[in-house]
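Summary of the model geometry
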Amino acid sequence: MAQVLPAERDLRRVIGDADGAGDREVDGLGEQELLELFRSMVLLRTYDERSVVYHRQGRIGTYAIFWNHEAMQAGAVHSLEEQDWIFPSYRESAIGLLRGLPAATVLSWWRGHPAGWWNPEEFRVASICVPIATHVPHAAGLAWGKKLKGETACAIAFFGDGATSEGSFHEGANFAAVMRAPLVLFCNNNQWAISTPIEAQTRAETLADKAVGYGMPGLRVDGTDVLACYEATREAVARARAGEGPTFIEALSYRTAPHATADDPSAYIDLARVEEERKRECVGRFEGYLRRAGILHDDLASSIREEAADVMRAGITAAEGEPPADASLLFEHAFVEPPASFQSDLEELRRFLG
Ligand SMILES: Cc1ncc(C[n+]2csc(CCOP(=O)(O)OP(=O)(O)O)c2C)c(N)n1
Ligand SMILES: [Mg+2]
């Protein structure tokens, strides 16, 4: 029986302090790759900030803000190959943009419009999962299936700290470990599950400790350090492809935005702490690193931001240009033999909508 070492305790970092102390390099990441990573982070940040504005303007519905989670999402995705499958939760709703999914599609999802759904196979991005942790067994199953077929692709599931208390997380993690499925379990530990703090979530000293019980390695990284997220996920992916099974990654950050646009965190969070954490936000940290290395300068940074703003402008225009969905969609596809009441319900809805 292979021995599993205790999970990592210290948080891995690649990006140092603002003065550059502690900066290191990641093997295999040249100037072009670093800039691509920055482009992805800026695209996600722009998606997120514009979405909060669109919500306030009534152009999308309730929205789960992911401000300061971009490093985890971009870092992890950049360590994958195109054939690998991504299983997002609502917190990673826009992660498909990094695979070429149009912004209009994700915006349509948040508008509750059927144009917001896509064929997962086309982008190797599964549907956005809202029930906590229920996508973990799906990801484990897909990864196991890839292994059974002799393919080299792996899967990554993103979920939060709260998700590690769910049965689905346990079942998926255990199953993947037993089957040695090529799976990466990426836990965004932002230390809050809506208003439940991490101290009330678990007695485990770290979430990475949970990995030991499943017989898999547990890595711990600074979740606001995109290069540390990249490096750790790349290691997990290499293990998966080598047939060594799943890895659990705990990426630690702090939720500096409301849980979603419907939430008022001032009722339960220390706003001074939030202010402190916001000063270390992940896009600015990476931007500082790139500037210190002489890779990024003002003109390039503004053109990357302008490019992302253009993507969002075109995205919202296209999403709002979708013709309204037909009301009958609410009643179709659920039953082979629909209950008789559906017909009258639909007629009533049509009368209501005018
Ligand atoms: C099975 C299930 N139970 C409860 C909820 C309600 N709910 C929505 S978000 C959330 C908190 C999840 O926190 P965490 O896993 O830490 O993810 P985060 O939102 O912080 O990214 C809960 C309990 C849900 N969506 N699904
Ligand atoms: Mg959380």
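Scroll up a little and you will see the structure.
Since this is a predicted model, take the numbers as computed values, not measurements.

Quick notes on the rules
- Residues numbered from 1 in each chain as written.
- Chains lettered and ligands numbered in written order.
- Predicted model: local features only at pLDDT ≥ 70, side-chain atom pairs only at ≥ 80, totals over all residues.
- Heavy atoms only, no water.
- Helix = DSSP H or I, 4+ residues; strand = E, 2+ residues; numbered from the N terminus.
- Buried < 20%, exposed > 50% of the residue type's maximum accessible area, 1.4 Å probe, protein only.
- Donors = N, O, S within 2.8 Å, 3.2 Å for Na, K, Ca; no water.
- Contact = heavy atoms within 4.5 Å.
- Core = buried A, V, L, I, M, F, W, Y, C linked by side-chain atoms within 4.5 Å.
- Expected span 1.5 Å × (residues − 1).
- Near = heavy atom within 4 Å.
- Polar contact = N/O pair within 3.5 Å; in protein donor to acceptor, adjacent residues only side chain to side chain.
- Areas by Shrake-Rupley, 256 points an atom, 1.4 Å probe, with all protein chains shown as cover.

So, on to unusual backbone geometry. If you check the backbone angles, I194 has positive phi at about 50° while not being a glycine. Its place among the elements puts I194 in the loop between β4 (192-193) and β5 (196-197). On the accessibility criterion, I194 (43% relative accessible area) is partly exposed.

Another point: the coordination of the magnesium ion (ligand 2). Only D161 (OD), N190 (OD1) and W192 (O) from the protein coordinate the magnesium ion (ligand 2), and they sit 2.1 Å from it. Sequence spacing of the donor residues for the magnesium ion (ligand 2), all on one chain, is D-x28-N-x1-W. Taken together, the positions of D161 in the loop between β2 (155-160) and α6 (167-178) and N190 in the loop between β3 (183-189) and β4 put the pair 29 residues apart, joining distant regions of the chain. Note on accessibility: D161 and N190 belong to one class, buried.

Moving on to the environment of A301. Topologically, A301 is positioned in helix α12 (residues 298-320). The exposure class of A301 is buried, given its relative accessible area of 2%. The spatial distance from the C-alpha of A301 to the C-alpha of M72 is 21 Å, given a sequence separation of 229 residues. Ignoring any residue separated from it by four or fewer positions in sequence, one finds A301 in contact with E287, R291 and L296.

One finds Y47, W110, F186, L227 and F286 to be the most contacted residues of the largest nonpolar core, which totals 77 residues. In contact with Y47, other than residues within four places in its own chain, are Y63, F66, A94, L97, A103, V106, L107, W110 and M312. One finds V136, A155, A177 and Y214 within the second-largest nonpolar core, a separate group that totals 26 residues.

This part is about helix α5 (residues 135-148). Relative to the 20 Å expected for 14 residues at 1.5 Å per residue, α5 spans 20 Å between its end C-alpha atoms, a close match to the ideal helical length. Positive phi appears at G150, one or two residues downstream of α5, with a value of about 75°.

Moving on to the site of ligand 1. Residues in close proximity to ligand 1 total 16 residues, the closest being Y90, R91, D161, G162 and W192. Between ligand 1 and Y90 there is a distance of 2.6 Å, counted from an oxygen atom to a side-chain nitrogen or oxygen. Contact between ligand 1 and R91: an oxygen atom at 2.7 Å from a side-chain N or O atom of the residue. Its free accessible area being 580 Å², ligand 1 has 72% of it covered by the protein chains.

So far we have only geometry, and geometry alone does not tell us how the molecule works.
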